[in-house]
2 protein chains.
Amino acid sequence: MRKMKKYCYGFCVLSSIIINILFAIYLYLGGRGSGGGSTGGGECALSWSEKAAAEAEAVAAISCSDHGRAYLDGSTNSEGRPVCECYACYVGSDCSQLSRGCAADANSGDPIFLEPFWMQHATNSAILVSGLHRMSYRYNDNLYMSVELENHIRKLHSIVGNAITKDRYIVFGIGSSQLLNAAVYALSSRNSSSPSNVLASIPFYSMYKAQTVLFNSKNFRFGGDTKAWQLNNSTNNMDVVEFVTSPNNPDGELKNSVLGGKTIYDHAYYWPHFTPIPAPSDHDLMIFTLSKLTGHAGARFGWAVIKDKDVYEKILTYIVVADLGISKDTQLRVLKLLKVALEEDGKPFFKFAYNKMKDRWDTLTSIFSKSTRFSIQHIHPLHCNFFNQTRLPSPAYAWVMPRFSSSGHLADLVQSSTLLAPPLFCSPPLQSFSEPPCPPPHHCRLINISKGERERAIDA
Amino acid sequence: MRKMKKYCYGFCVLSSIIINILFAIYLYLGGRGSGGGSTGGGECALSWSEKAAAEAEAVAAISCSDHGRAYLDGSTNSEGRPVCECYACYVGSDCSQLSRGCAADANSGDPIFLEPFWMQHATNSAILVSGLHRMSYRYNDNLYMSVELENHIRKLHSIVGNAITKDRYIVFGIGSSQLLNAAVYALSSRNSSSPSNVLASIPFYSMYKAQTVLFNSKNFRFGGDTKAWQLNNSTNNMDVVEFVTSPNNPDGELKNSVLGGKTIYDHAYYWPHFTPIPAPSDHDLMIFTLSKLTGHAGARFGWAVIKDKDVYEKILTYIVVADLGISKDTQLRVLKLLKVALEEDGKPFFKFAYNKMKDRWDTLTSIFSKSTRFSIQHIHPLHCNFFNQTRLPSPAYAWVMPRFSSSGHLADLVQSSTLLAPPLFCSPPLQSFSEPPCPPPHHCRLINISKGERERAIDA
C-alpha cells in the first residue's frame, strides 16, 4: 500500500514536470511566430501595423445583413463605429429592411458583380499602406508611374491575349476617363484655325462629347455621329479623331474604325467577362480601365497603350501638366489587385467573372424569349482565344427593345406610353448615352447586367 | 535528513504545480487578445488582414542604411524581395555608399522633411485597404467625395485658423494641381470672342501658365505678369482671372490680389510650418494641397474652398467630367493621415513641422550672414494665431542672391560667370518658376529647405 502510494506520488511529480516542459516548449515555439489568426495559436509577430489591420477587420466584420457594407471611412454612429451603408432599396441600421416600391438605378456602370470574388480573396487582395508610402512626387527613377505596375499590366495583356503591348508605351490615368481627353489632345490638330473633329458612332459613351465640350479647346471640337459626319463631309481637308468603343457600349458588339484615320479605341469592356477574345487588339491607341476589369471603379485607374512615341509623349505631358501623375496609393493597390487577378494565369478570376455574366445572360435570354412585348439585343458566338472555345458574348448591358405587334402597331410600354421607334433606347437627361431623351412618360429601358446581385432589375 | 528530503521533495512538487497553473493562466490570457507584437505575448487576433500587415512590416524592416527605403511596390531582387531605393547621391544595394561629386536637386518641391514625424507615428498612420474597399464610382450618398474627409478638412482649417470654411463649399482634386485649371475654367469668360486673361505675379509657379497653354481653351488665355499686364491694359472691357500665391513661391511672402477682381488664392504653403498665421484666409476661392501639409505629395490630393455656389458647381462639373472624381483609396488614406495630424488639436504635428523648418532657417541665416558673396531673402516677423506668438516665417525655399561688391561690380558666381542683375533667380529650362533662363554657365540658386535631411544642400 505504501509502495503504491509512493509510485503514485512519483508518477504525479513526473507528470507535473513533463507538463512544465511541454508548456515551455509550446510558449517558446509560439513566440517564434508560428502565426496566429485563423490558424490559431502562437504569438502575433506584428508591431506597428497590427492596429490598422485590426481596425480594418473590425469594420469588415460589422453585420449589414448582406444588404450593405460598413467602411473604414464611413460616417460613424454615437459609439464611433462606422454605420452600415445599405445597397439600393434596403434601409435600416443593419440594412435588413427592403424598401417597397423602390426602383434600382440600372443605368450606372458599377461592375459590382465581382464583389464576391474579392470577398473570397480577402487575404491576398488586402494591402497595408504605411504612413511612409511613396511620399515623393516621383518614383526613384524620376517617373510618375510605377514600373512594377506597368510590368504587370503588360503581363495581364499577354495572359489575356486582348492587346499587343510589345514595343508600345503605357501611360496611366485617373480611370480611362482622363485618358479619353488626353488622347484627343494628343491626336488633335495643332492648327487652331482648323480644329480636329471628334467623332463617335451612336450610341456612344456620352463622356466623349461631354469632355470635348467642357474643355472647349481651340484644337478640337465635337463633330457628332461618325457615319452622319462622313455623309456630310469629306475628310480630305478636315482633321478627324474618331472614338471607337469595342465592345461597344451599350450594345456589346466588337467594332472597328469607320474612317480608318486617327482612332482612339476604348476597350473598357474588352475582357473575357464580357466578350470572346478572338485576337489581341493591335491598334495604335487603346484605352483600358480597371473599373470594368476588376470592378474597382472607385480606385480611378486606367491606362493607355500607345504605339507612336510622339503621341505617347503628348499624353504623358497632358497627365503631368493636368495633375502631376496619379496617386501612388492607388498604384500600389492596383498592383496588389492585379497580382490576385493574374494568379494561375488569370483562369480562376476570369472564369469567375465570365460565369457570373453568362449566368445572367442565360437567365435574361430565357425571360425575354418568353416575352411577347420586349426583346433584347441579339448576340452572336465567336471563338475566344482565352477560353479556347466558341462562346457567346455576355455584355455589361442589355438593350431592351419593344417587339412590334402583329397588327403593325407598336406594343404599349409602361403606363400606356407610345413607343417612337425601335430600337428603344431612352436617355433620361444627364444619363450616360448619347441619344435624345424620350418624350414623357417613357422610361429608360437599359439594364446594367454587371450590377451586383443585390440590385433589383427593372420590370420589363 | 529524511525529513529534509521529504520537505524538499514536497516543495519541488508544489513548485511544479504552481508553475503549471501560471503557464495555463498566461496562455489563457494571451489567447484572449492581450495583443501581440511589440508588447509581446498573446495570440494574434487577426485573420485575413494579417498577411498584408506582415508583408508591409517585412518591407519596412528592410535596411537601407538610413539612406534609402524599400517599398511594397518597388522592383524586386532575385529572391523576390523589394530592393532599396536610395536617396539622392547614395548608391549600393543597401544605399550605404555616398556618390562623390553628386549634386542634389534642390529645385523640386518634395516636402520630405516630414518623414521623421510619420516614422514616429507609424502605428496610427498606417491604413489597411481591403479588396472590397469602395468598389463603386460613388459613395453611398451618390457623391464622389467622402463626407468624413470633408468634415475633417473643415476641422483642420478651424484648428489651424488659416481659412474660413463656414458656408463654403469644398471640392477635392488630384493634388491642388488639378484644381488650378478647374478654378480657371470656373471663373473664366463663357464668351469665346472675349476670353479671360489668366495672370500671375512674377515669380509665379509655372504650372499656372503650363496648364493654361496646354488646355488652350477658347475661354481663357495666359496673359503673363499681373503688374505688367495692368500697366498695358485696362480691365474695363477685359475679363481677368488672377492667380495669387500666398505665401508666395519661392519668396515666402504673404500676398494679396493686385487687381481685386476674380482671384484664385493658391494657399499651398499657408500652414504654420512655413509662415505665421495672422488670420484665417477669407477669400472666395482658396486652394490647398496635402503635399505641403503632411508631405504626402505622392498621394495626389488637394482641395478648393469656394464661396460662390455657381463657381462650386462648375469646379465640381470639371472634376467629374475630367475623371469622375478622385480615387477613394486616396481619400481613405488622407482621412487617416489627417486624423493623426489633428491629434491634440494639431499641436504635436505642427510644432514638429515648424521646428524642423525653423532650425533650417536658423542654420541658413547664420551661414549666409557670414557670406560676403551671397545672401538670402529677408524675412519679417508677424503674429501667428496658431502658435500665439510673433515669429519669423520659415519658407519652403531660400532665394539665394549675390551681394554687390564694394566696387559696385557684381560678385562672381560659380565658375567665374557674371551676374546679370539681382535678385538672382535662375531657371534652368523646364524648371518650376517663370523667369527667363540664365545665360550659361549660371546655375540655379534656389534651395528647397523643405527637402529631407538626407539631401545635400547646394554649395553657396
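Nothing here was measured: the structure is a model prediction, and the numbers come from that model.

### So, the relation of the copies chain B and chain A
Now for step 1: Rotating chain B by 180° about the axis while translating it 0.2 Å along that axis superimposes it on chain A, leaving an RMSD of 0.7 Å. Here the two chains are linked by the operation of a two-fold rotation axis.

### Describing the packing of aromatic side chains
Now for step 1: Within the structure shown, the criterion is met by 46 aromatic pairs over all chains.
Now for step 2: Relative to Tyr312(B), the ring of Tyr169(B) has its centre 4.3 Å away and its plane inclined at 10°; by these criteria the two rings are stacked. Here Tyr169(B) is found in strand 6 (residues 169–173), whereas its partner Tyr312(B) is found in helix 10 (residues 309–323), with 143 residues between them in sequence.
Now for step 3: By relative accessible area, which is 17% here, Tyr312(B) ends up buried.
Now for step 4: One cation-aromatic arrangement involves Arg190(A) over Tyr185(A); the distance from NZ or CZ to the ring centre is 4.5 Å.
Now for step 5: Above the face of the Phe386(B) ring, Lys347(B) is positioned so that its terminal group lies 4.3 Å from the ring centre.

### As for the pairing of strand 12 (residues 302–306) of chain B
Consecutive residues of a regular strand have side chains that alternate between opposite faces of the sheet.
Residue and element names in this part refer to chain B.
Now for step 1: Most of strand 12 is tucked away: five of the five residues are buried.
Now for step 2: Along strand 12, one buried face is formed by Gly302, Ala304 and Ile306 and the opposite face, lined by Trp303 and Val305, is buried too.
Now for step 3: Here five bridges tie strand 6 to strand 12, and the two strands are oriented antiparallel to one another. Of the residues in strand 12, the one forming a bridge with Phe172 is Trp303.
Now for step 4: Here strand 11 (residues 285–289) pairs with strand 12 via five bridges, running antiparallel. When the bridges of strand 12 are listed, Thr289 appears paired with Gly302.

### Here's the deal with unusual backbone geometry
Now for step 1: Here the bond from Ile202(A) into Pro203(A) is cis, since omega is -5°, no more than 30 degrees from zero.
Now for step 2: Along the polypeptide, Pro203(A) turns up in the loop between strand 7 (196–200) and helix 7 (207–215).
Now for step 3: Geometrically, the link from Ser246(B) to Pro247(B) is a cis peptide bond, its omega value of 0° lying close to zero.
Now for step 4: Here Pro247(B) is to be found in the loop between strand 9 (240–245) and strand 10 (263–266).
Now for step 5: One non-glycine residue, Asp167(A), adopts positive backbone phi at about 60°.
Now for step 6: Its location among the elements puts Asp167(A) in the loop between helix 5 (147–160) and strand 6 (169–173).
Now for step 7: Non-glycine residue Glu344(B) carries a positive phi angle of around 55°.

### Description of the packing of helix 5 of chain A against helix 11 (residues 328–341) of chain A
Axis angle and axis distance: for two packed helices, these are the angle between their axes and the distance between the axes, and together they describe the pair.
All names here are of chain A.
Now for step 1: In contact at an axis separation of 10 Å, helix 5 and helix 11 are set at 35° when each is read in the N-to-C sense. Helix-helix and strand crossings are classified by hand; for helix 5 and helix 11 the assignment is left-handed. Contacts from Glu148, Leu149, His152, Ile153 and Leu156 in helix 5 reach Gln331, Val334, Leu335, Leu338 and Lys339 in helix 11.
Now for step 2: Per-class residue counts for the contact of helix 5 with helix 11 are six nonpolar, two polar and two charged.

### A short note on the sheet that holds strand 9 (residues 240–245) of chain A
Residue and element names in this part refer to chain A.
Now for step 1: The sheet built from seven strands is open, its strands ordered 6-12-11-10-9-7-8 with mixed pairing. Each edge of the open sheet is held by one strand with a lone partner, namely strand 6 and strand 8 (220–225). Direction aside, neighbouring strands of the sheet carry axes that sit 20° apart on average.
Now for step 2: Pairing of strand 7 with strand 9, which is carried by four bridges, proceeds in the parallel orientation. When the sheet's bridge partners are listed, Asn197 is paired in strand 9 with Val240.
Now for step 3: Across the sheet, helix 6 (residues 175–187) lies against strand 6, strand 7, strand 8, strand 9, strand 10 (263–266), strand 11 (285–289) and strand 12 (302–306), angled at about 165° from strand 11, the strand it touches most.

### Focus: the domain arrangement of chain A
Now for step 1: For chain A, the assigned domains read domain 1 (1–43), domain 2 (49–102), domain 3 (147–344) and domain 4 (346–459).
Now for step 2: Placing a centre on the C-alpha atoms of domain 2 of chain A and another on those of domain 3 of chain A gives a separation of 36 Å.

### Regarding the packing of helix 7 of chain A against helix 10 of chain B
Now for step 1: Packing of helix 7 of chain A against helix 10 of chain B brings their axes to within 9 Å, and their N-to-C directions diverge by 135°. Between helix 7 of chain A and helix 10 of chain B, the crossing angle belongs to the class labelled oblique. As for the relative orientation of helix 7 of chain A and helix 10 of chain B, their crossing is left-handed in sense. Touching Met207(A), Ala210(A), Gln211(A), Leu214(A) and Phe215(A) of helix 7 of chain A are Thr317(B), Tyr318(B), Val320(B), Val321(B) and Ala322(B), all from helix 10 of chain B.
Now for step 2: Here the residues of the contact of helix 7 of chain A with helix 10 of chain B sort into eight nonpolar, two polar and no charged.

### Quick word on the environment of Met401(B)
Now for step 1: Of note, Met401(B) is situated in strand 16 (residues 397–402).
Now for step 2: Measuring from C-alpha to C-alpha, the distance between Met401(B) and Phe374(B) comes to 5.4 Å, with 27 residues separating the pair along the chain.

### Description of the nonpolar core
Generally speaking, soluble globular proteins have nonpolar side chains that are buried together.
Now for step 1: Counting 183 residues, the largest nonpolar core has Trp303(A), Ile315(A), Trp303(B) and Ile315(B) as its most contacted members.
Now for step 2: With nine residues, the top contributor of residues to this core is helix 12 (residues 347–369) of chain A.
Now for step 3: The next biggest cluster of nonpolar side chains, apart from the first, holds 17 residues, and it includes Leu46(A), Ala53(A), Ala52(B) and Ala122(B).

### So, the state of the cysteines
All names here are of chain A.
Now for step 1: Summed over the entire model, instances satisfying the criterion amount to four disulfides over all chains.
Now for step 2: Residue Cys86 pairs covalently with Cys95 via a disulfide, S to S 2.1 Å. Taking the torsion about the S-S bond as the criterion, the Cys86 to Cys95 disulfide, at about -85°, is left-handed. We note that Cys86, like Cys95, is buried.

### Side note on the confidence of the model for chain A
Residues and elements named next belong to chain A.
Now for step 1: The share of residues in chain A with pLDDT of 70 or more is 82%, and the mean pLDDT across the chain is 84.
Now for step 2: A low-confidence stretch, residues 434–445 stays under pLDDT 50, and its non-local contacts, those more than four residues away or across chains, total 34 contacts.
Now for step 3: For residues 452–460, every residue scores under 50 in pLDDT, and the model assigns this stretch 25 contacts once sequence neighbours within four places are set aside.
Now for step 4: For this predicted complex, the interface confidence reaches an ipTM of 0.84, while the overall pTM sits at 0.84.

### Description of the interface of chain B and chain A
Now for step 1: The interface of chain B with chain A comprises 113 residues on the first partner and 113 residues on the second.
Now for step 2: Carbon and sulfur atoms make up 56% of the surface buried where chain B meets chain A, a total of about 9700 Å² over both sides.
Now for step 3: Among the residues chain B hides against chain A, the three largest losses belong to Trp48(B), Asp73(B) and Met135(B). Together they make up 8% of the total.
Now for step 4: There are eight salt bridges connecting chain B and chain A.

The rules behind the values
- Residues numbered from 1 in each chain as written.
- Chains lettered and ligands numbered in written order.
- Predicted model: local features only at pLDDT ≥ 70, side-chain atom pairs only at ≥ 80, totals over all residues.
- Heavy atoms only, no water.
- Least-squares fit on C-alpha atoms with pLDDT ≥ 70 in both.
- Phe/Tyr/Trp six-rings, centres within 6.5 Å; stacked < 30°, edge-to-face > 60°.
- Helix = DSSP H or I, 4+ residues; strand = E, 2+ residues; numbered from the N terminus.
- Buried < 20%, exposed > 50% of the residue type's maximum accessible area, 1.4 Å probe, protein only.
- Lys NZ or Arg CZ within 6 Å of the ring centre and 35° of its normal.
- Pairing = 2+ DSSP bridges.
- Axes fitted to C-alpha atoms, helices over the stretch in contact; angles between N-to-C directions.
- Left-handed = near helix turned anticlockwise from the far one by under 90°.
- Contact = heavy atoms within 4.5 Å.
- Nonpolar A, V, L, I, M, F, W, Y, C, P; charged D, E, K, R; others polar.
- Domains from an automatic or database assignment.
- Parallel < 35°, antiparallel > 145°, perpendicular 65-115°, else oblique.
- Core = buried A, V, L, I, M, F, W, Y, C linked by side-chain atoms within 4.5 Å.
- Disulfide = S-S within 2.5 Å.
- pLDDT = per-residue confidence, 0-100.
- Buried area = accessible area lost by both parts, 1.4 Å probe.
- Salt bridge = Lys/Arg side-chain N within 4 Å of Asp/Glu carboxyl O.

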